[in-house]
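# Notes for the structure review
In case you want the letters, here they are:
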Amino acid sequence: MSYRIGVLPGDGIGPEVVREGLKVLAAAAEVFGFRYETVHFPYGAEHTLATGAREIMPPSAIEQMRELDAILLGAIGDPRFETGVLERAIVGAIRFGLDLYVNLRPIKLYAEHLCPLKDKRPEDIDILVVRENTEDAYTLIGGFLKKGTPDEVAQQTMIYTRKGVERCLRYAFEKARARPRKKLTLVDKANAIPAHDLWRRTFAELAAEYPEVQTDVNFVDACCMWLVKDPESYDTIVTTNLFGDIITDLGAMLQGGLGVAAGGNIHPGRVSMFEPIHGSAPKYTGQNKANPIATILAVAMMLEHLGEQAAASRIEQVVAELLRSRRLPSLKAGALPTSEIGDLVAGAVRASSAATA
Ligand code: IPM
Ligand code: MN
């Protein structure tokens, strides 16, 4: 097979971590015998400032991306721009433009010493979060009235469509059914937000179609408590866009930090986008200090989406071994140089080839 992969390194540490992700992709391609070509997308702060481009990312980029098999994105965000402008014009535009309706974010503890909670083992923290990705407070439906005056009104609408909710829930039920525990928890705030009743009703309807999946419902505030108190109670979680954003940062800490948390922005069967869930970390830019593991795990998720299951599993296994071995002393920036971590993972992917590929 040959894949066309879009690469959008973006801002800050994005280019450095993506470079390491691509190193590992190259190693996996050699070992597992698939081919690929990359298509570079220059969008981000530097590109916008250097070219004086009127649009941060033109609509034609989305059309070009539609022809690809997958996209690897580094990070977007730069303090020289107003908060959120780049993020909405690039990350948001890709999610919405390509209709990537699921944001799949595993929370997996690879090595016990990385967890900030007492006495938690890898088997206690293995959660798959299915975050809805194209609705909620992210649709940009809203605005200001009398901005900057004492009478200012600011309004932002959370929207949920029956179709949008149902397709996300269905995806989550399918994922939950395929996992050993087959448990799915809906996380919402139906006690304060009546619109979340649409999630509850649709969830109950689908539960009848998936009798083998055990279901539960949590309010999001309680979920934050349980994630810290009793993470082993969760298997698969399905939730709204905004709550999914928040609980997966909490989840990343359970894994040891943002340095290991990856996500996929997915439309099943179509071009999808994979990224570390961390930001552009401007203070580490160009210092070869950022941890590229999250991006490397995003590459593994991308390969799984492409159907290269064996390559995906191998990368994940190599990362887990590296983390357990303590060759990477911590997940903190600078624990090992960015490029060295990429070399270690790529080397281990290649080395394991003869025995088990
Ligand atoms: C994420 C990020 C984005 C989000 C930001 C950059 C808009 O925090 O991918 O989790 O809120 O979705
Ligand atoms: Mn986030």
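Coordinates for the structure precede this section.
What this report covers is the structure whose coordinates are included nearby. Sequence order sets the numbering: in each chain, residues are counted from 1 along the sequence as written. Numbering of ligands from 1 and lettering of chains from A proceed in the order in which they are written. Per-residue local features of the predicted model are confined to residues with pLDDT of at least 70, and side-chain atom pairs are confined, for both listing and counting, to 80 or more; whole-chain, interface and lining totals are unaffected and use all residues. Hydrogen atoms and water are omitted, and side-chain values are computed over all heavy atoms in the structure.

## A closer look at the site of ligand 1
Short version of the rule: Any residue with a non-hydrogen atom lying within 4 Å of a molecule or strand is treated as near it. Each polar contact in these results corresponds to two N or O atoms within 3.5 Å; when the atoms are within protein, one needs to be able to donate a hydrogen and the other to accept it, and residues that are neighboring in sequence are counted only if both atoms are side-chain atoms. All accessibility values rest on the Shrake-Rupley procedure with a 1.4 Å probe; residue burial counts only the protein chains present in the view.
The environment of ligand 1 is formed by Glu87, Arg95, Arg105, Arg131, Tyr138 and Asp245. Within the contact set of ligand 1, an oxygen atom lies 2.7 Å away from a side-chain nitrogen or oxygen of Arg95. Tyr138 places a polar side-chain atom, nitrogen or oxygen, 2.6 Å from an oxygen atom of ligand 1. Calculation on ligand 1 without its partners gives an accessible area of 320 Å², and the protein chains cover 70% of this total.

## Considering the packing of aromatic side chains
What counts is decided by this rule: Stacked, edge-to-face and tilted are the three classes for Phe, Tyr and Trp ring pairs, Trp counted by its six-membered ring, which pair at centre distances within 6.5 Å; planes under 30 degrees apart are stacked, over 60 edge-to-face, the rest tilted. Working definition: with a 1.4 Å probe on protein chains only, accessible area under 20% of the residue-type maximum means buried, over 50% means exposed, and in between means partly exposed.
Following the criterion strictly, the structure yields six aromatic pairs and no others. Ring centres of Phe34 and Tyr36 lie 6.4 Å apart, and the angle between their planes is 45°; on these two criteria the pair is classed as tilted. Phe34 gets classed as buried once you look at its relative accessible area, which sits at 4%. Seen in terms of ring centroids, Phe41 and Tyr43 are 6.4 Å apart; in terms of plane orientation they differ by 35°. Their pairing is tilted. Judged by relative accessible area, which is 1%, Phe41 ranks as buried.

## What to know about the packing of helix α7 (residues 220-229) against helix α8 (residues 241-255)
Operational definition: Between N-to-C directions, angles cover 0 to 180 degrees, with each direction set by a line fitted to C-alpha atoms, over the stretch in contact for helices. For the purposes of this entry, the term helix denotes a DSSP run of H or I that reaches at least four residues, the term strand denotes a run of E that reaches at least two, and both are numbered from the N terminus. Every angle not falling under 35 degrees, over 145, or within 65 to 115 is termed oblique; those three ranges are roughly parallel, roughly antiparallel and roughly perpendicular. Contact definition: two residues touch when any of their heavy atoms are within 4.5 Å.
Running from N to C, α7 and α8 point in directions that differ by 10°, and their axes come no closer than 10 Å. By the angle class used here, α7 and α8 are roughly parallel. Contacts from Val220, Cys223, Cys224, Leu227 and Val228 in α7 reach Phe243, Ile247, Leu250 and Leu254 in α8.

## A short note on the pairing of strand β4 (residues 102-108)
Quick note on the threshold: Pairing between two strands requires that DSSP report at least two bridges joining them.
Burial of β4 is extensive: five of the seven residues sit out of reach of the surface. Both β4 and strand β5 (residues 126-132) contribute to a ladder of seven bridges, which runs antiparallel. Bridge assignment links Lys108 to a residue of β5, and that residue is Asp126. Of the pairings in the sheet, the one linking β4 to strand β11 (residues 262-266) comprises three bridges and is antiparallel in character. Within the sheet, the bridge partner assigned to Val102 lies in β11 and is Ile266.

## Description of the nonpolar core
Rules: Throughout, nonpolar core names a set of buried Ala, Val, Leu, Ile, Met, Phe, Trp, Tyr and Cys residues whose side chains join them through atoms within 4.5 Å. Source of the domain bounds: an automatic or database domain assignment.
Ranked by internal contacts, the top residues of the largest apolar core, which has 87 residues, are Val238, Leu303 and Ile315. Here this core gets 10 residues from one element, more than from any other, and that element is helix α9 (residues 293-306). Formed jointly, this core draws a minimum of three residues from each of two domains, domain 1 (1-104 + 255-357) and domain 2 (126-253). Core analysis: the next-biggest nonpolar cluster, separate from the first, contains 23 residues, Met57, Ala61, Leu68 and Ile94 among them.

## Examining the sheet that holds strand β2 (residues 35-40)
Spatial strand order, β2-β1-β3-β12-β11-β4-β5-β10-β8-β9: 10 strands in an open sheet with mixed pairing. Of all strands in the sheet, those with a lone pairing partner are β2 and β9 (214-219), marking the two edges. Taking the axes of each pair of neighbouring strands and ignoring which way they run, one obtains an average angle of 25° across the sheet. Running over the sheet, helix α6 (residues 197-209) touches β5, β8 (183-188), β9 and β10 (236-239) and is turned about 170° from β9.

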